[in-house]
Amino acid sequence: MSKTLIYIAENYAEAHMIQANLNDIGINVLLSGEHLTSALGELPAHILFTRIYVEQKDYFNAKKYIDQYKQAQKNSVKKELSYWKCFNCNELIPENFTNCWQCNKENKQ
Ligand SMILES: [Zn+2]
């Protein structure tokens, strides 16, 4: 099975969001660094520039998604992402996450 690099995400959170979206449309995704254990509380949240790979056969569809994604990113560039602060470890978490990626505590605000 040959894997093709489809996108380099700026961070782990972005990589995971793209992975989830691609999974939704039936595409298997491999993230670089994913061999690190992702046991609860041990998510490598601060890995920068996570590489996203897909299988060769999925490349076309994945590319289509990525192009749309990039376009959407461009359009929303002015919109600041808001964050909430974890009460447990003070990590700043994007609002679209319901749990802290550092310690996995739920947002209690
Ligand atoms: Zn936390």
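This is a predicted model, so every value here is computed, not measured. (Residues numbered from 1 in each chain as written. Predicted model: local features only at pLDDT ≥ 70, side-chain atom pairs only at ≥ 80, totals over all residues.)

Draft legend 1. Summary view of unusual backbone geometry. The phi torsion at Asn-90 lies on the positive side, around 65 degrees, for a residue other than glycine. One can find Asn-90 in the loop between strand E4 (83-85) and strand E5 (92-94). In this structure, Asn-104 takes a positive phi of about 70 degrees despite not being glycine. Among the structural elements, Asn-104 can be located in the segment after E5. You can call Asn-104 partly exposed: it has 14 C-beta atoms within 10 Å. (Helix = DSSP H or I, 4+ residues; strand = E, 2+ residues; numbered from the N terminus. Buried ≥ 20, exposed ≤ 12 C-beta atoms within 10 Å, placed from the backbone.)

Draft legend 2. Broad picture of helix H1 (residues 12-24). Taking 1.5 Å per residue, 13 residues should reach 18 Å; H1 reaches 18 Å between its end C-alpha atoms and fits that length. Buried residues of H1: Tyr-12, Ala-15, His-16, Ile-18, Gln-19 and Leu-22, and no others. When H1 is viewed along its axis, its buried side chains cluster within an angular range of 165 degrees and face the same direction. Residues of H1 that are exposed and point over 90 degrees away from its buried face: Ala-20 and Asp-24. Looking at the buried side of H1, the elements it contacts are strand E1 (3-8), strand E2 (29-31), strand E3 (51-55) and helix H2 (59-75). Immediately beyond the C-terminal end of H1, within one or two residues, lies Gly-26, with a positive phi of roughly 85 degrees. (Expected span 1.5 Å × (residues − 1). Arc of directions from axis to C-beta. Contact = placed C-beta atoms within 7 Å.)

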